[in-house]
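# Structural description and commentary
Below are the chains, spelled out letter by letter.
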Amino acid sequence: MSSGAEGKAKNRRGLSGWLNPYHYNFERWAYVFQRVTGVAILAYVIGHLGDTSFFVGGPTGTGPSESSWTFISGLVENSFGHLILILVVLVVIFHGANGIRLIVSELGLILGRPSPIEYPYRPKSLRSVQRVLIWVAIALALVGTGWAVLILFGGSI
Amino acid sequence: MKELRLVVQKFDPFSDAAPRLVEYAVPRREGMTVLDALLYARDYVDHSIGLRFSCRQASCGSCGMKINGRPRLACYTQVDELGAEKVVAQPLDNFAIIKDLVTDLGSFFQRHREVTPRLVRDDAQEQDHPTGEYLMKPEELSRVLQFTYCIKCGLCTSSCPTVATDERFPGPQALAQAYRYTADVRDQGGAERMAELDGTHGIWRCHFAGSCSYVCPKGVDPALGIQLLKRHVMSGRPPHSKDDATKVWKPAEKQQ
Ligand code: SF4
Ligand code: FES
């Protein structure tokens, strides 16, 4: 028996434990999406800082010039660049709206109160206002994305 | 008779290099639980299946395992309710495997102990030599009642994405119990309990994925308890102050 401790396989899931929401609830999917979009937005912001500073100073520090402007707009002003920008809109709106839902939920405000349970049981915190707000976040993100598509591919404005 | 395909993840850390899935054919019958199927396989097909159970009625919390990908109690899950031809039984995630479906819950119980899961009172004398009772109003009881149903099965902790990456996180079970005692009007230990948990590896590591509440077989709703703890910390208002805790109520004949 005493050697048992070393023999046990650890089985802690690590990164795959939080990245994989399969078999779990809607909030878990929102959780994974929130974290992944958080990293994606960070990557975008760093890239965006790079390209705007490139325009303002240029790699040689000579200040704004027509050539640096042309270079940067050349990167974005094409279908692929537009597609990336549309994704950014989708992800930022969802992340922001879902973030507000999480802040309010984590203050325990939109989860309902503890109550005597009845069977068939469904946890109160997972059927409260907060769940509706996930759908609201998705809807807002889709509307914003639709708008972005209109602007970037609609030909007007 | 219809047959059930029962797949069990087998792994003996002493002799096996890696876990493997083994399939057994089990006669299927109405009302059969996954535990029934596993016991059939163990009794009639392969005696070496490592399996833990006791009460067979969702009371002891020892038969927790991952069934078709989701943590469940084997004795509380009917094969029919899974709606699948095949039942796959694997050990719970995030706990060390002792053998096959048996996991080591030692550190999990330790986390539970660390939140001081009992009523902490100033009147030690009264605790040792009771002269009366601590009464609760029904609404005070309903604040904590559902949290008292925890059977320490570990399903919530094995489903938690934070537990998967942070070894120092107490996990939903322990945090739900911290809420259960802190919100109990008879308790006076809330401040000490929360001082421990209001930190980087405490309640703030929970990001409300809600899986704990989703898998809990006893209606505990740990995610709700954890968010309510955060609310008490953020508002600076504990559920009740030390002085507001229930006083001892003595029967009339002892009151003079
Ligand atoms: S809170 Fe629920 S899932 Fe977690 S240990 Fe207790 S009974 Fe099991
Ligand atoms: S055997 Fe006791 S909970 Fe399943």
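Structure: above.
As a starting point, this report considers the structure included with it.

Thresholds applied
- Residues numbered from 1 in each chain as written.
- Chains lettered and ligands numbered in written order.
- Predicted model: local features only at pLDDT ≥ 70, side-chain atom pairs only at ≥ 80, totals over all residues.
- Heavy atoms only, no water.
- Near = heavy atom within 4 Å.
- 1 Å grid on protein atoms, 1.4 Å probe; cavity = no way out; pocket = protein on both sides within 12 Å on 5 of 7 lines; lining within 4 Å.
- Sits in = over half its atoms within 2 Å of the grid points.
- Phe/Tyr/Trp six-rings, centres within 6.5 Å; stacked < 30°, edge-to-face > 60°.
- Helix = DSSP H or I, 4+ residues; strand = E, 2+ residues; numbered from the N terminus.
- Buried < 20%, exposed > 50% of the residue type's maximum accessible area, 1.4 Å probe, protein only.
- Lys NZ or Arg CZ within 6 Å of the ring centre and 35° of its normal.
- Polar contact = N/O pair within 3.5 Å; in protein donor to acceptor, adjacent residues only side chain to side chain.
- Contact = heavy atoms within 4.5 Å.
- Points joined across faces, edges and corners; volume = space filled by probe spheres on them.
- Nonpolar A, V, L, I, M, F, W, Y, C, P; charged D, E, K, R; others polar.
- Axes fitted to C-alpha atoms, helices over the stretch in contact; angles between N-to-C directions.
- Parallel < 35°, antiparallel > 145°, perpendicular 65-115°, else oblique.
- Left-handed = near helix turned anticlockwise from the far one by under 90°.
- Buried area = accessible area lost by both parts, 1.4 Å probe.
- Salt bridge = Lys/Arg side-chain N within 4 Å of Asp/Glu carboxyl O.
- Pairing = 2+ DSSP bridges.

### Re the site of ligand 1
What surrounds ligand 1 is a group of 14 residues, the closest being B:Cys150, B:Ile151, B:Cys153, B:Cys156 and B:Cys216. One can see that ligand 1 is located within the second largest cavity.

### Quick notes on the packing of aromatic side chains
One pass over the structure, following the stated rule, counts seven aromatic pairs over all chains. For the ring pair A:Phe26 and A:Trp135, a centre distance of 4.8 Å and an interplane angle of 35° mean the geometry is tilted. Placement of the pair is A:Phe26 in helix α3 (residues 26-56) and A:Trp135 in helix α6 (residues 129-153), with a sequence separation of 109 residues. Looking at A:Phe26, the relative accessible area reads 23%, which means it is partly exposed. The class for A:Trp135 is exposed, based on a relative accessible area of 52%. Three or more aromatic residues link up through ring pairs in this structure, and these residues are B:Phe95, B:Phe108 and B:Phe109. Over the ring of A:Tyr24 we find A:Arg28; its NZ or CZ atom is 4.4 Å from the centre of that ring. When the ring centre of B:Tyr181 is taken as origin, the NZ or CZ atom of B:Arg180, which lies over that ring, is 4.0 Å away.

### Brief notes about the side chain of B:His240
All names here are of chain B. Mapped onto the secondary structure, histidine 240 falls in the loop between α11 (222-235) and β9 (248-249). Here aspartate 184 takes part through its backbone oxygen, which lies 3.3 Å from a polar atom of the side chain of histidine 240. For histidine 240, the side chain forms a polar contact with the main-chain oxygen of aspartate 187, separated by 2.7 Å. When neighbours within four sequence positions are excluded, histidine 240 is seen to be in contact with Arg143, Thr182, Ala183, Asp184, Val185, Asp187 and Ala245.

### So, empty space enclosed by the protein
All names here are of chain B. Across all of its chains, the model carries two cavities of 30 Å³ or more by this definition. Lining the largest cavity are 15 residues, and of these Cys160, Cys206, Ala209, Gly210 and Cys212 lie nearest its centre. At the level of secondary structure, the elements contributing two or more residues to the lining of the largest cavity comprise α7 (161-165), α10 (211-215) and α11. Of the residues in the lining of the largest cavity, the class split is eleven nonpolar, four polar and no charged. Here the second largest cavity defines a volume of roughly 90 Å³. Cys150, Cys153, Cys156, Cys216 and Val220 are, among the 16 residues lining the second largest cavity, the residues nearest its centre. The set of elements that each furnish at least two residues to the lining of the second largest cavity consists of α6 (155-159) and α8 (172-182). At three residues, the largest contribution of residues to the lining of the second largest cavity is made by α8.

### A few points about the packing of α3(A) against helix α5 (residues 79-106) of chain A
Residues and elements named next belong to chain A. α5 packs onto α3 with a crossing angle of 125° between their chain directions and a minimal axis gap of 9 Å. Relative to α5, the element α3 is oriented oblique. Judged by the sense of rotation from one axis to the other, the crossing of α3 with α5 is left-handed. Every residue of α5 that contacts α3 at Glu27, Ala30, Phe33, Gln34, Thr37, Gly38, Ile41 and Tyr44 is listed here: Leu85, Val88, Val91, Val92, Phe94, His95, Asn98, Gly99, Arg101 and Leu102. Taken together, the residues that form the contact of α3 with α5 break down as ten nonpolar, six polar and two charged.

### Here's the deal with the interface of chain B and chain A
Taken together, the contacts link 54 residues of chain B with 41 residues of chain A. Buried surface at the junction of chain B and chain A, both sides included, amounts to about 3,700 Å², of which 58% is carbon and sulfur. When residues of chain B are sorted by the area they lose upon contact with chain A, B:His207, B:Phe208 and B:Tyr214 head the list and together hold 16% of the total. On inspection of chain B and its partner chain A, the count reaches three salt bridges. The partner of B:Glu167 in a salt bridge is A:Lys10, with the nearest N and O atoms 3.5 Å apart.

### Observations regarding the pairing of strand β5 (residues 86-90) of chain B
All names here are of chain B. Within β5, four of the five residues are buried, which leaves the element mostly enclosed by the surrounding structure. Here strand β1 (residues 3-10) runs beside β5; their pairing, made up of four bridges, is parallel. Bridged to leucine 6 within β5 is valine 87. For strand β3 (residues 64-67) and β5, the ladder comprises two bridges, and the chain directions are antiparallel. Residue pairing for β5: lysine 66 is matched across the bridge by glutamine 90.

### Quick word on unusual backbone geometry
A negative phi angle characterises most non-glycine residues, just as the trans form characterises most peptide bonds. That bond from A:Tyr119 to A:Pro120 is cis: its omega, 0°, falls within 30 degrees of zero. Looking at where A:Pro120 falls in the secondary structure, it is placed in the loop between α5 and α6. For A:His23, which is not glycine, the phi dihedral falls at a positive 80°. Within the secondary structure layout, A:His23 lies in the loop between α2 (15-19) and α3. In the Ramachandran plot, B:Asn94 falls in the positive-phi region, its phi being about 70° despite a non-glycine side chain. Here B:Asn94 is to be found in the loop between β5 and β6 (97-99).

### Points about the pairing of β3(B)
Residues and elements named next belong to chain B. Alternating positions in β3 separate into two faces, Gly64 and Lys66 on one and Met65 and Ile67 on the other, with burial throughout. Across four bridges, β3 lies against strand β4 (residues 70-73) in antiparallel orientation. The residue bridging lysine 66 from the neighbouring strand is proline 71, located in β4. The turn linking β3 back onto β4 is made up of two residues, and asparagine 68 within it adopts a positive phi angle of 45°.

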